[in-house]
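Single-letter residue listing:
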Amino acid sequence: VQLVESGGGLVQAGGSLRLSCAVSGSIFSLNAMGWYRQAPGKQRELVATITSGGNSTNYADSVKGRFTISRDNAKNTMYLQMNSLKPEDTAVYYCKAVIRDYRNVQRQYWGQGTLVTVSE
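Described below are features of the structure shown in this document.

Some details on the overall build of the chain
Okay, so step 1: For the chain, the count of helices and strands is zero helices and 11 strands.
Okay, so step 2: Listing every helix and strand of the chain by position from the N terminus yields β-β-β-β-β-β-β-β-β-β-β.
Okay, so step 3: Its C-alpha atoms give the chain a radius of gyration of 14 Å, within 12% of the compact-globule value 14 Å for 120 residues.
Okay, so step 4: Principal-axis analysis of the C-alpha atoms places the extent of the chain at approximately 50 × 25 × 25 Å.
Okay, so step 5: Residues classed as buried in the chain amount to 42% of the 120 residues present.
Okay, so step 6: A separation threshold of at least 6 residues defines the contact pool for the chain, and within that pool the share at least 24 residues apart is 54%.
Okay, so step 7: Of the roughly 6300 Å² that the chain leaves accessible, carbon and sulfur atoms contribute 46%.
Okay, so step 8: For the chain, the distance from the average site of its 13 positive side-chain charges to the average site of its 8 negative ones is 6 Å.

Written out as structure tokens, the structure reads:
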């Protein structure tokens, strides 16, 4: 199983970016997914999560109203639309997925991360 994030980059404050997380491999079911971030010198923190069907989402207070998490199960892909970006959003963004494989083993997987840098 592989999770690959994309869409990070450098943006000015107030701008927008859309992150993607594509999941591939031996997947029986793709369950809850989420975005996390880790800023320099800080611990990794939750940004947003989404249930398997996409009908329930959860956001960190710091991103509510600015970020939107979504997923396309037909493409095994999750997204994070980030608007009104602030310098404090600068971090490496990681996706996480809970996946059950064809051996009926369920575990969580992490992507390698994508860097988002927001300038003043």
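Next, the rest of the story.
So, the pattern of salt bridges
Okay, so step 1: Inspection of every chain in the model, using the stated rule, returns five salt bridges.
Okay, so step 2: For the salt bridge of Asp-89 with Arg-37, the shortest nitrogen-to-oxygen distance reads 2.9 Å. Of the two residues, Asp-89 sits in the loop between strand E8 (77–82) and strand E9 (91–100) while Arg-37 sits in strand E4 (residues 29–38), which places them 52 residues apart along the sequence.
Okay, so step 3: Owing to a relative accessible area of 6%, Arg-37 belongs among the buried residues under this scheme.
Okay, so step 4: Ionic pairing is found between Arg-103 and Asp-101, a salt bridge with its closest N-O pair at 2.9 Å.
Okay, so step 5: Accessibility expressed as a relative area gives 66% for Arg-103, which makes it exposed.
Okay, so step 6: Of the residues examined, Asp-101 reaches a relative accessible area of 6% and is grouped as buried.
Okay, so step 7: Through salt bridges with shared partners, a single ionic network connects Arg-37, Glu-45, Arg-66 and Asp-89.

Thresholds applied
- Throughout this description, residue numbers start from 1 for each chain and increase along the sequence as written.
- In keeping with the predicted nature of the model, local features appear solely for residues at pLDDT of at least 70, side-chain atom pairs appear and are counted solely at 80 or more, and the whole-chain, interface and lining totals rest on all residues.
- Side-chain measures were taken over the full set of non-hydrogen atoms in the model, leaving aside hydrogen atoms and water.
- Helix numbers and strand numbers start at the N terminus; a helix is a DSSP run of H or I with at least 4 residues, a strand a run of E with at least 2.
- With the radius of gyration taken over C-alpha atoms, the globule rule is written as 2.2 Å times the number of residues to the power 0.38.
- Accessibility here uses a 1.4 Å probe with only protein chains present; expressed as a share of the type maximum, an area under 20% marks a residue as buried, one over 50% as exposed, and anything in between as partly exposed.
- Any two residues having at least one pair of non-hydrogen atoms within 4.5 Å are treated as being in contact.
- Per-residue and other accessible areas were derived by the Shrake-Rupley procedure at a 1.4 Å probe size, with only the shown protein chains allowed to occlude residues.
- Charged residues are defined here as Lys and Arg on the positive side and Asp and Glu on the negative side; His and the ends of the chain fall outside this count.
- One atom stands in for each charge, and that atom is NZ of Lys, CZ of Arg, CG of Asp or CD of Glu.
- The salt bridge definition used is simple: a Lys or Arg side-chain nitrogen within 4 Å of an Asp or Glu carboxyl oxygen.

Don't take any of this as a statement about function, it's just geometry.
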